[in-house]
Amino acid sequence: MFNTGFPVLSALIFFPLIAAVVLFFLRGDQTIRVFTLVVSLIECVLVLPLLWFDITTADFQFVEKFAWIEAWNIYYYLGIDGISVLMVILTVLLFPICVLCSWQYIGKRVKEFHFCLLLMTSACIGIFSALDFILFYIFWEAMLVPMYLLIAVWGGPQRRYASLKFFIYTLTGSTLFLAAIVAFFINTGTFSIPELMEHRYTFQFQIWTFLAMALAFAIKVPMFPFHTWLPAAHVEAPTAGSVLLASILLKMGTYGFLRFCLPITPAASDFFAPMMITLAIISIIYGSFVALGQSDMKKLIAYSSVAHMGFVTLGIFVFAFRGVEGAILHMVNHGIITGAMFLMVGLIYERSHSREISDNSGLSKHVPVYTSFLLLFTLAAFGFPGTNGFFSKLLVLIGVFGTSYWLGVLFVFGLILGLAYLIRLLLNVGWGTPSRGEGWKDMNIREWVYLVPLGLLVIYLGVAPGRALNFIGPSIENLLNNFEAERHIIIIPEPMPGPIISSDHIIELETDTGQKIEFTGSDMAKIHNKLLLDAR
């Protein structure tokens, strides 16, 4: 495991928390805004060491591990690999952008708003860095409170309904997730995520723990039919809340599939893959059709997120290298693109005070720079060549077609539907019959500052995605190699006859040809090594 002398991850997590405490001693809205912006920029400096991430290994890096509650075998355990490093960097990048886009929009309880932003940043980084289940769960729950407050306090007219629905859905999933964590601890005696990946579990145990975890992650993604909280939350949330929700929080669900379901419960993941693929396809087509009928720009983008996260989930559960590679890359790309799209809606809402397409049509004549950015981000959302959305969708498509021709056809159908609702949005807002816009000022310096970095990332990752793919490649290869070796291993605990009940196990391995091989023994490590050799 690669480590450094400086605790980079702890600094990224605790610096915003310390700043949140300092924030309470400050006076004046403008002072609070400037202070939070400076904190966010320092956070961007602190994340720079992650750019020197070792791309030649799948091991966890920047590891920090200290005993926390020794009686329960709980550790303060942090580390990142190729699956999580880009999400940590994206979270930090979006922090100053959220501060800038709220500069004028948030006029009440400014201190409390920026306090929530600081807490959200800390919790999100912790989720992608935690390697202890209890630590992960603490960050997972800590993220829920500030997000609820962002919607409930600074949201739109239906904010109470939207925030309560968000809270109930996600808390229900979290409760099931906690049950799975307790089950793993009872079975193994550890909360260490890397150690849990090394353990082997009975098929029945994997089934129940997979279902508990997968439901929690499916709600977070969200997948059909657990998606109904998302449109309300997006529509009512302030712009910064929508950006964080779409760019970071939704990715925690698919991150959970990759971090926990595939490596810890491989046999159950393989068993439930047809169900997950079916739900992903439904999410893609359903989300696209509903987006096609929306007149509210925020709702349109919200339902498009349901479809796009369906692409990610589909890429994960085809268990192909290119599919998973494209899924992780699309998690990052979707975070950039959809975050930018919500910023575009918030930007024009500050001028028109309406999110309806009909109230914001034909804007290219009055705000040409805004329309140009909208064009760029819309093309990226579709996956136009030269933008970041192209390569990630292409990789998922390759993985899907390699698994099933008909899945590939449905994937392409979803892409066509995506083109339809995105072109409808772009043509109406940019070049439709002018409804208003005369006398509006085009983008100001502050808006340039927070949109240009996202625009540059859209182009850079569209032209040269190799660096990002190098980050994630070894971790994907390691994940899938272990998954392929273990997906058909079924452990059946069975007491052996004799005067003393032993702890021997019957282990059944079903090969790709359908042949079943059984081993019996009590030394799980030796049996596991033999099975891995046979499976490979």
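Above: the structure in question.
(A) Main features of the side chain of serine 10. Its place among the elements puts serine 10 in helix α1 (residues 8-23). A relative accessible area of 11% means that serine 10 is categorised as buried. Dropping the residues within four chain positions of it, serine 10 is found in contact with Phe15, Glu64, Tyr76 and Leu78.

(B) Molecular detail of helix α4 (residues 110-129). Its 20 residues place the ends of α4 29 Å apart at the C-alpha level, agreeing with the 28 Å of an ideal helix rising 1.5 Å per residue. Within α4, 17 of the 20 residues are buried, which leaves the element mostly enclosed by the surrounding structure.

(C) Region of interest: the pattern of salt bridges. Tallied over the entire structure, the rule returns five salt bridges. In this structure, arginine 259 engages aspartate 81 in a salt bridge whose closest nitrogen and oxygen atoms are separated by 2.6 Å. Residue arginine 259 is found in helix α10 (residues 239-264), and its partner aspartate 81 is found in the loop between β2 (74-80) and α3 (85-101); the two are separated by 178 residues along the sequence. Just as arginine 259 is buried, aspartate 81 falls in that class too. With its nearest N and O atoms 3.8 Å apart, the salt bridge here joins glutamate 350 to arginine 446. Pair noted here: glutamate 350 is in helix α13 (residues 321-352) and arginine 446 is in helix α17 (residues 445-463), with a separation of 96 residues, a long-range link.

(D) Geometry of the packing of helix α2 (residues 29-46) against α3. α3 packs onto α2 with a crossing angle of 165° between their chain directions and a minimal axis gap of 8 Å. For the element pair α2 / α3, the angle class is roughly antiparallel. Read as a crossing pair, α2 and α3 show a hand that is left-handed. Across from Arg33, Thr36, Leu37, Val39, Ser40, Leu41, Glu43 and Cys44 in α2, the residues of α3 making contact are Val92, Phe95, Pro96, Val99 and Leu100. For the contact of α2 with α3, the per-class residue count stands at nine nonpolar, two polar and two charged.

(E) Geometry of empty space enclosed by the protein. Under the definition given, this model contains six cavities of 30 Å³ or more. Around the largest cavity, the lining residues are Leu300, Ile301, Ser304, His308, His334, Ile337, Thr338, Met341, Ala381, Leu422 and Leu425. Those elements that place two or more of their residues in the lining of the largest cavity are α12 (297-317), α13 and α16 (405-431). In terms of residue class, the lining of the largest cavity is made up of seven nonpolar, four polar and no charged.

Conventions and cut-offs
- Residues numbered from 1 in each chain as written.
- Predicted model: local features only at pLDDT ≥ 70, side-chain atom pairs only at ≥ 80, totals over all residues.
- Heavy atoms only, no water.
- Helix = DSSP H or I, 4+ residues; strand = E, 2+ residues; numbered from the N terminus.
- Buried < 20%, exposed > 50% of the residue type's maximum accessible area, 1.4 Å probe, protein only.
- Contact = heavy atoms within 4.5 Å.
- Expected span 1.5 Å × (residues − 1).
- Salt bridge = Lys/Arg side-chain N within 4 Å of Asp/Glu carboxyl O.
- Axes fitted to C-alpha atoms, helices over the stretch in contact; angles between N-to-C directions.
- Parallel < 35°, antiparallel > 145°, perpendicular 65-115°, else oblique.
- Left-handed = near helix turned anticlockwise from the far one by under 90°.
- Nonpolar A, V, L, I, M, F, W, Y, C, P; charged D, E, K, R; others polar.
- 1 Å grid on protein atoms, 1.4 Å probe; cavity = no way out; pocket = protein on both sides within 12 Å on 5 of 7 lines; lining within 4 Å.
- Points joined across faces, edges and corners; volume = space filled by probe spheres on them.

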